[in-house]
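The primary structure of each chain is shown beneath.
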Amino acid sequence: MIAANLGFPRIGIRRELKFAVERYWSGEWDEASLLAAASRLRLSHWQLQSEAGIALPPSNDFSLYDHVLDTVVMTGAIPARFERKDLRLPLAGYFALARGAKNAAPLQMTKWFDTNYHYIVPEFEAGMEFRLSGEKAVEEYLEAKAAGFNTRPVLLGPVSFLLLGRRQKGAATLRTLVEQLLPVYEQQLAHLSNAGAGWVQIDEPCLGLDLDSGQRELYELAYGRLGRGKPKIMLAAYYGGLHENLRLALGLPVEGLHLDLVRDPGQLLPALRAAPKDMRFSLGLVDGRNIWRCDLDRALDLLRAAQGYLEPEQIQVAPSCTLLHVPIDLRQETGLDPRLRGWMAFAFQKLEEVALLARAASTENSFEIAQQFAAARRRRDERRIAPETHKESVRARTGALRPAMFARQQPYSARRLQQAHAVPLPLLPSTTIGSFPQTAEIRRARAGWRSGLITQAEYETFLRLEIERAIRFQEAIGLDVLVHGEFERCDMVEYFGERLEGFAMTTQGWVQSYGSRCVKPPILYGDIERRRPMTLAWSRYAQALTDRPVKGMLTGPVTLLQWSFVRDDLPAGEIAFQLALALREEIADLESAGLRVIQVDEPALREGLPLRQADQSAYLQWAIAAFRLATSGVMNQTQIHTHMCYSDFRDFLPEMVKLDADVISVEAARSRMSLAASATAVHALGPGVYDIHSPRVPSVGELQSLIHRALTAFPPERLWINPDCGLKTRRWEEVRPALENMMRAARRVRAGIYRKRIQPALYKSASA
Ligand code: GLN
Ligand code: ZN
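Residues numbered from 1 in each chain as written. Chains lettered and ligands numbered in written order. Predicted model: local features only at pLDDT ≥ 70, side-chain atom pairs only at ≥ 80, totals over all residues. Heavy atoms only, no water.

## Some thoughts on the overall build of the chain
Link 1 in the chain: Per the secondary structure count, the chain includes 28 helices and 22 strands.
Link 2 in the chain: A compact globule built from 768 residues should have a C-alpha radius of gyration of about 27 Å, and the chain, at 27 Å, falls within 12% of that.
Link 3 in the chain: When the backbone C-alpha atoms are referred to their principal axes, the chain occupies close to 95 × 65 × 50 Å.
Link 4 in the chain: Within the structure as shown, the chain displays about 30600 Å² of accessible surface, and the carbon and sulfur contribution to it stands at 52%.
Link 5 in the chain: Charge-centre separation for the chain: the mean point of 96 positive side chains lies 4 Å from the mean point of 89 negative side chains. (Helix = DSSP H or I, 4+ residues; strand = E, 2+ residues; numbered from the N terminus. Rg over C-alpha atoms; globule rule 2.2 N^0.38 Å. Areas by Shrake-Rupley, 256 points an atom, 1.4 Å probe, with all protein chains shown as cover. Lys, Arg positive; Asp, Glu negative; His and termini not counted. Charge placed at Lys NZ, Arg CZ, Asp CG, Glu CD.)

## A closer look at the side chain of His683
Link 1 in the chain: By the element assignment, His683 lies in the loop between helix 26 (674-678) and strand 22 (685-687).
Link 2 in the chain: Relative accessible area serves as the criterion here: at 16%, His683 is assigned to the buried category.
Link 3 in the chain: Polar side-chain contacts of His683 include one of 2.7 Å to the side chain of Asp660. (Buried < 20%, exposed > 50% of the residue type's maximum accessible area, 1.4 Å probe, protein only. Polar contact = N/O pair within 3.5 Å; in protein donor to acceptor, adjacent residues only side chain to side chain.)

## A look at the sheet that holds strand 13 (residues 500-504)
Link 1 in the chain: Pairing in this open sheet of three strands is mixed, and the strands run 13-16-18 from one edge to the other. Edge positions in the sheet fall to strand 13 and strand 18 (565-566), since each has one partner strand and no second.
Link 2 in the chain: With four bridges joining them, strand 13 and strand 16 (residues 523-530) adopt antiparallel strand pairing. Residue pairing across strands places Ala504 opposite Ile523, the latter belonging to strand 16.
Link 3 in the chain: Where helix 22 (residues 572-592) meets the sheet, its contacts fall on strand 13, strand 16 and strand 18, and the angle it forms with strand 16 comes to roughly 40°. (Pairing = 2+ DSSP bridges. Contact = heavy atoms within 4.5 Å. Axes fitted to C-alpha atoms, helices over the stretch in contact; angles between N-to-C directions.)

## Focus: the coordination of the zinc ion (ligand 2)
Link 1 in the chain: Taken together, His643 (NE2), Cys645 (SG) and Cys725 (SG) make up the protein donors of the zinc ion (ligand 2), found 2.1 to 2.3 Å from the metal.
Link 2 in the chain: For the zinc ion (ligand 2), the donor residues sit on a single chain with the sequence spacing H-x1-C-x79-C. The residues His643 and Cys645 share a single accessibility class, namely buried. (Donors = N, O, S within 2.8 Å, 3.2 Å for Na, K, Ca; no water.)

## Structural notes on the packing of helix 1 (residues 16-26) against helix 4 (residues 90-99)
Link 1 in the chain: Between helix 1 and helix 4, the shortest axis-to-axis distance is 12 Å and the interhelical angle comes to 100°. Our classification of the angle between helix 1 and helix 4 gives roughly perpendicular. Seen from helix 1, the contacting residues are Val21, Tyr24 and Trp25; seen from helix 4, they are Leu91, Ala92, Phe95 and Arg99.
Link 2 in the chain: Across the contact of helix 1 with helix 4, the residue classes break down as six nonpolar, no polar and one charged. (Parallel < 35°, antiparallel > 145°, perpendicular 65-115°, else oblique. Nonpolar A, V, L, I, M, F, W, Y, C, P; charged D, E, K, R; others polar.)

## Re the side chain of Glu494
Link 1 in the chain: Here Glu494 is to be found in helix 19 (residues 494-499).
Link 2 in the chain: For Glu494, a relative accessible area of 8% puts it in the buried group.
Link 3 in the chain: With near-sequence residues (within four places) excluded, Glu494 lies in contact with Arg450, Met505, Lys520 and Pro522.

## A word on the pairing of strand 17 (residues 551-555)
Link 1 in the chain: Across the five residues of strand 17, five count as buried, placing the element largely inside the fold.
Link 2 in the chain: Neither face of strand 17 is open: one carries Lys551, Met553 and Thr555, the other Gly552 and Leu554, and all of them are buried.
Link 3 in the chain: Sheet analysis places strand 17 next to strand 19 (residues 597-601), joined by five bridges and oriented parallel. Bridged to Gly552 within strand 19 is Ile598.

## Quick notes on the nonpolar core
Link 1 in the chain: Ranked by size, the top nonpolar core spans 137 residues in total, and within it Tyr223, Phe281 and Leu357 carry the most contacts.
Link 2 in the chain: Element by element, the count of residues in this core is highest for helix 13 (residues 347-362), at ten residues.
Link 3 in the chain: Ignoring anything within four residues of it in the chain, the contact list for Phe281 reads Met234, Leu250, Leu257, Leu259, Ala271, Leu272, Ala275, Leu310, Gln314, Ile315 and Gln316.
Link 4 in the chain: Core analysis: the next-biggest nonpolar cluster, separate from the first, contains 110 residues, Cys725, Leu727, Val749 and Ile753 among them. (Core = buried A, V, L, I, M, F, W, Y, C linked by side-chain atoms within 4.5 Å.)

## Side note on the packing of aromatic side chains
Link 1 in the chain: Tallied over the entire structure, the rule returns 23 aromatic pairs.
Link 2 in the chain: On the basis of an interplanar angle of 90° and a centroid distance of 5.4 Å, the ring pair of Trp25 and Phe95 is categorised as edge-to-face. Of this pair, Trp25 sits in helix 1 while Phe95 is found in helix 4, placing the two residues 70 residues apart along the sequence.
Link 3 in the chain: We classify Trp25 as partly exposed; its relative accessible area is 23%. (Phe/Tyr/Trp six-rings, centres within 6.5 Å; stacked < 30°, edge-to-face > 60°.)

## Some words on the sheet that holds strand 19
Link 1 in the chain: Spatial ordering of the open sheet is given by 17-19-20-21-22, a layout of five strands whose pairing is parallel. What marks the edges here is a single partner per strand, and that holds for strand 17 and strand 22. On average, each strand axis in the sheet is inclined to that of its neighbour by 20°, with strand direction left out of account.

## Things to note about the site of ligand 1
Link 1 in the chain: Near ligand 1, the surroundings consist of 13 residues, among which Ser435, Glu486, Asp601, His643 and Gly726 are the closest.
Link 2 in the chain: One nitrogen or oxygen atom from the side chain of Glu486 is found 2.9 Å from a nitrogen atom belonging to ligand 1.
Link 3 in the chain: Alone, ligand 1 offers 290 Å² of accessible surface; in the complex the protein occludes 95% of this.
Link 4 in the chain: The residue makeup of the shell around ligand 1, split by class, is seven nonpolar, four polar and two charged. (Near = heavy atom within 4 Å.)

## A closer look at the state of the cysteines
Link 1 in the chain: For the coordinates displayed, the defined rule picks out zero disulfides.
Link 2 in the chain: Of all cysteine sulfurs, the one in Cys321 lies closest to Cys294, which takes part in no disulfide; the gap is 13 Å.
Link 3 in the chain: Given the relative accessible area of 9%, Cys294 is considered buried. (Disulfide = S-S within 2.5 Å.)

## Considering the packing of helix 15 (residues 392-399) against helix 22
Link 1 in the chain: For the pair helix 15 and helix 22, the least separation of the axes is 10 Å and the interaxial angle reads 95°. The angle between helix 15 and helix 22 falls in the class roughly perpendicular. Across the interface between the two elements, Val394, Arg395, Arg397 and Thr398 of helix 15 pack against Glu574, Phe577, Gln578, Leu581 and Glu585 of helix 22.
Link 2 in the chain: For the contact of helix 15 with helix 22, the class distribution of residues is three nonpolar, two polar and four charged.

## Remarks on empty space enclosed by the protein
Link 1 in the chain: All chains considered together, the criterion is met by eight cavities of 30 Å³ or more.
Link 2 in the chain: Counted as a void, the largest cavity has a volume near 70 Å³.
Link 3 in the chain: Phe8, Pro9, Arg10, Arg42, His45, Trp46, Gln49, Pro58, Asp61 and Phe62 are the residues that line the largest cavity.
Link 4 in the chain: Among the elements that line the lining of the largest cavity, the one with the most residues is helix 2 (residues 31-51), at four residues.
Link 5 in the chain: Considered class by class, the residues forming the lining of the largest cavity number five nonpolar, two polar and three charged. (1 Å grid on protein atoms, 1.4 Å probe; cavity = no way out; pocket = protein on both sides within 12 Å on 5 of 7 lines; lining within 4 Å. Points joined across faces, edges and corners; volume = space filled by probe spheres on them.)

Right, here's the structure in full:
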């Protein structure tokens, strides 16, 4: 029985890849230095996997940016807007596809399944010709081999590659595209086989989605051609169960199938019963999506069940999915409470569990294995009864929720007037999403404070000055609802994670978000409590500086949950309610301090939607309820805002309405406001008028025309003017002119409305 792995994190224990790539981008490093650093990382990762006891590690799971982008390059699916000269230097051309070239916009990026990883979206254009244009898979296979590692190369499968991409106008049908793509894959497989690879892992995560009959046929077509050749194929579907696609997968002429038995243990027996006699199975028993230790007893039970059907050489033990989504090595986390650390496993520890399971299932009565199982059991029991994971006071509160706590005092129609009275605002009220630039100076101050180089008092004085400057700037350009700027926050989830009981922080727990961007998700391990106010002092300080309304700024319960590693011993809905109650207290404090506008950001609400339709309504029910529980405790007069981004919201409007937020700001600049037209059921909408993801400063005329566009669908009383997201990644040199232009545009449009609407009315009443 073999211990295998499907994918290893690429970034390196100390984010070496990030720094190497960024040095290359800045010109500090040349191509050779970057490639050498990448090669060192790959070798050290194979080494680590082998130390953990993995006999069959993957190769070509590494990427300098993204594996879907690698597949774009492999298949030559390069959009025509990239000219030859953009692509002349292979590495520069590669990054140009992801980051844009002089006259060519980059390929878009979007969320990878239900993870927080983002991939580069392939574009399939009319007349595009695929041809094998890169040998990365072969090179990395040979690199491993030369270093003494026998690996299984990974490719993203042709069907998922196509389904994850976007077909542009005039592009061929999916069926034709698959047919055109297959020769490239055939060639790639032949090259791998010539290099000595006996097996490949072909990832087809789309097999875990709801597929229509046309899409299912693509699988039959593709694997009818690729299967039963050389190398042999281990087809990997993960991030969920195969459900109605299980028969399809088992019927494909491939030699092996990987099953995600963490998300769907129930598919094991049906799969074993219906499988062809000689099929190999890779059993995904160790959760690749969180950082908790595996319940080894349960995993071993599944493994034993499989042994009843399969010969030992037909079984591989593996993580449930690629380990791309977990940090590398828990041994780095010396600062964590040792008890909590005992409950956790990062990629390396997960692979040790995989190896241990494989040994346990193939060895009889080993004392050493029995001891390890006993230790794991002890840690699980300890976790279950730990006081942090079960606090009576918290459970009592979530147990005593009443329906009234999920609803505002009165409906929007009534609130609206009281809010207008409490905070008088012009037509097309303007605001920003919360953060202002996180300058190098701010980051330096925070680092200095964290390391003790500057005192708490000095740090706070510094932040107060930043806030004051931001307030004065907003007053000067005429914004209506101001923000304090979020200078005290490094990250919108981390900030709250550090302040709530039940969360722990790691020092090196990085995971790749996209390209060179990494995030360090907090670990939500216990029952959630707010010990003291978290944001109150900064918001109160900002409000005291100005007569204009300042908006309090919080991260919503669903986003706190989605962007953390969350405990697996309590239903998500219950955890969200615990978070919501903590935020509800914070909101009450902000309100008592006189803040009349409070924004609760939920950028992850839409992206948390489960992949399968069958699972979506249960999610939406608790997610929307959690938001309402957090925000419904306020008076009618208090405006609740929310902000959402990173998703396409066109199919999400009914859910947005159910939040009952007084104002919703959304990302819309890149879709040119098309959202506003369909969002009229929302109480008030702030469709972002400028794309903060680009350094470009939009012109007044351009902004005006976007506002006019939104006004064709939304009355100016209910339309807010704001950027598309927080401004923390931008520089003041960009933010200042952009917001000035936004305000100029808002004023011009307002003046136009005034001329059209109000002047004639005045004229009429004067002449009457
Ligand atoms: N208030 C947050 C900010 O402005 C919102 C960030 C987000 O939407 N991702 O930074
Ligand atoms: Zn945003």
